[in-house]
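# Coordinate inspection notes
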Amino acid sequence: MDSQATSPTPDLSPRNAPRPPSRLTLPVVLVGVGLVAMSISGTAIALPSIGRELDASGSALNWVVAGYNLAFAAMTLIAGAAADRAGRRRIFIIASVVFSGGFLATALAPSIMVVDIARVVSGIGGAGVMAAGGALLASSYEGAARNRAFAFMGTMAGVGIAVGPTVVGALMALTGWRGSFITFAVLGALIAGGAARLQETHADHNRTDWLGSLLFVVTLSAFMFALLEAPEVGWAHPMTLLAFAVGVVALVLFAIAQRRSASPLLAPELVSDRGFMGWCLATLTTSIGFLGALVFLPTYLQAVAGHTPAAAGLTMLLLTAPVLVTPTLAVTLVNRGISARLLIMSALVLVVAGNFSLVVLGPENTTALVAVPLLLIGVGMGASFGITDGQAMALAPARLVGTAAGFLNTLRGAAEALVIAVFSASLIGFLADRLGDSGHAADVAAGNLDTTATSAHGAEVDAFTSSWHLTQIGVGSVCLLMSVVVALLLLVPSRGPRVNEDEDHLSVDSN
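This section reports on the structure supplied with the text. Just so we're clear, the structure is a prediction, and the values are computed from it rather than from any experiment. (Residues numbered from 1 in each chain as written. Predicted model: local features only at pLDDT ≥ 70, side-chain atom pairs only at ≥ 80, totals over all residues. Heavy atoms only, no water.)

## Observations regarding the environment of Val97
The topology assignment puts Val97 in helix 4 (residues 88-108). Residue Val97 is classed as partly exposed on the basis of its relative accessible area of 48%. (Helix = DSSP H or I, 4+ residues; strand = E, 2+ residues; numbered from the N terminus. Buried < 20%, exposed > 50% of the residue type's maximum accessible area, 1.4 Å probe, protein only.)

## Here's the deal with unusual backbone geometry
Phi at Asp55 takes a positive value of approximately 55 degrees, unusual for a residue other than glycine. Within the secondary structure layout, Asp55 lies in the loop between helix 2 (47-54) and helix 3 (58-86). Even without being a glycine, Asn365 presents a positive backbone phi close to 50 degrees. Mapped onto the elements of the fold, Asn365 is located in the loop between helix 13 (340-357) and helix 14 (366-394).

## Focus: helix 11 (residues 309-320)
Under the 1.5 Å per step criterion, the end-to-end length of helix 11 is 16 Å for 12 residues, consistent within 8% with the ideal 16 Å. Along helix 11, the residues that are buried comprise Ala312, Gly313, Thr315, Met316, Leu319 and Thr320. In an axial view of helix 11, the angular spread of the buried residues amounts to 165 degrees, which keeps them on one side of the axis. (Expected span 1.5 Å × (residues − 1). Arc of directions from axis to C-beta.)

## What about the environment of Thr299?
Tracing the chain through its elements places Thr299 in helix 10 (residues 274-303). Considering only alpha carbons, one finds Thr299 and Asn448, 149 residues apart in sequence, at a separation of 9.5 Å. Once residues lying within four places of it in the same chain are set aside, the contact partners of Thr299 are Leu47, Pro48, Val304, Ala445, Ala446 and Gly447. (Contact = heavy atoms within 4.5 Å.)

## Some thoughts on a nonpolar patch on the surface
On the surface, Leu104, Leu108, Ile182, Val186, Leu187 and Leu190 cluster together to form a nonpolar patch covering roughly 540 Å² of accessible area. Breaking the nonpolar patch down by element, the ones donating at least two residues are helix 4 and helix 6 (143-195). The leading source of residues in the nonpolar patch is helix 6, at 4 residues. Within the fold, Ile182 resides in helix 6. Residue class for Ile182 comes out partly exposed when judged on its relative accessible area of 35%. (Patch = residues over 30% accessible without salt bridge, like charges linked within 9 Å, V, L, I, M, F, W, Y side chains within 5 Å. Areas by Shrake-Rupley, 256 points an atom, 1.4 Å probe, with all protein chains shown as cover. Salt bridge = Lys/Arg side-chain N within 4 Å of Asp/Glu carboxyl O.)

## Some remarks on the nonpolar core
Within the largest apolar cluster, 136 residues are counted, with the highest numbers of intra-cluster contacts made by Ile50, Phe92, Met224, Phe464 and Trp468. Per element, the largest residue contribution to this core is 18 residues, and it comes from helix 10. (Core = buried A, V, L, I, M, F, W, Y, C linked by side-chain atoms within 4.5 Å.)

## Comments concerning the environment of Pro231
In this structure, Pro231 sits in helix 7 (residues 210-233). For the pair Pro231 and Ser438, spaced 207 residues apart in sequence, the C-alpha to C-alpha distance is 7.0 Å.

As structure tokens, then:
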């Protein structure tokens, strides 16, 4: 998101010369980014425990993760615009308090409904921390210092995603799931306190497509609601049909609003650019291939393989740890002359292969069976982290870099939110087909297996495992199809010369 202010030429007299950024700016923002990233990747470890204590399963339990991701995706652009207008420090502080309050409310929640609402609140706060944090860095640093600051921000996000499941698993072993959420609430409050000492910056001249933002939120929310609720109430239920209808109408209105807006969220120049859309779809594909395993595998590890939360968190390092290393490696290879297109296609191959390979998942020797598939997906996702954003932004006109960044982040966030809904619907649907009861299927998907009867438990394990296999085949197929589209957009040349569309050259592509 572009957070640089457009302002009159400043008075450069000593009295009015811009002050250097506070020493706390970078550490406060980085801790906030890391905390938000950990909360995104780590919450899934707590789902089985939350479900057992609050007697929740199915869509009600899935909203614990999906509600957070939905709010995060929907509010990122709005939070960034609010930061530019109301003040980046102010929005960062408010967002940190909201984030912290949501986690505290979750920890104290007496019912799953309260947990779901509190998670949406935390997602709104997380979006504000990320958006306002990036804006603080962009407005506080210049040149090489800014590049270093954003490199640190990307690294901290990767660290948070990588260690999130492990940290949450360890906290649960010490304090239980409620204690782990209280820990996040305390850290969020400390971040807000640290941000109070930062300098304030504004960008009063930035314009925001508020109508487009509202329609985007309605569209995404309606589709997610339909996908999460349909497996339990039925795909032909009036509530499901109404939600889909609202989503379709909002999507049509969103498309119309984008064509007429003076500052659209989806600039036509970007959407029509083959290279830009190719890189956006590439990051979308790796996110789809990564998130299903990240969110839903911990439940299988604990319910079927018998892992403790801490052990499940350690197993998930096979998926998340490569994100710490491969982004830097991918950038280094590109800087040394390796084609970024070749690297992203290799990353997509790894993600596709890893998802198809997860059909080996089973109740015995589970960690050993999934080690290679998880590593393949993690390496592919990490390589994508390292190069897709930079390659996409290099193709955006200078006047649209803010729009391009917002589009890319919103697309990724929306995809992650929808992946949770679709994966959940598919898994419960396959389980319902095997078990003959959608309510029973929702309980099994939540990790609530029968432990009193050996035969019943075995049937549930078999159903859970086969449903996982079928869902992963679906995820792998979607990733494969999207990878083919990415290859067509990035590798098949369009007619006429293209300027700056080849990541390996800074001049007109003459091939």
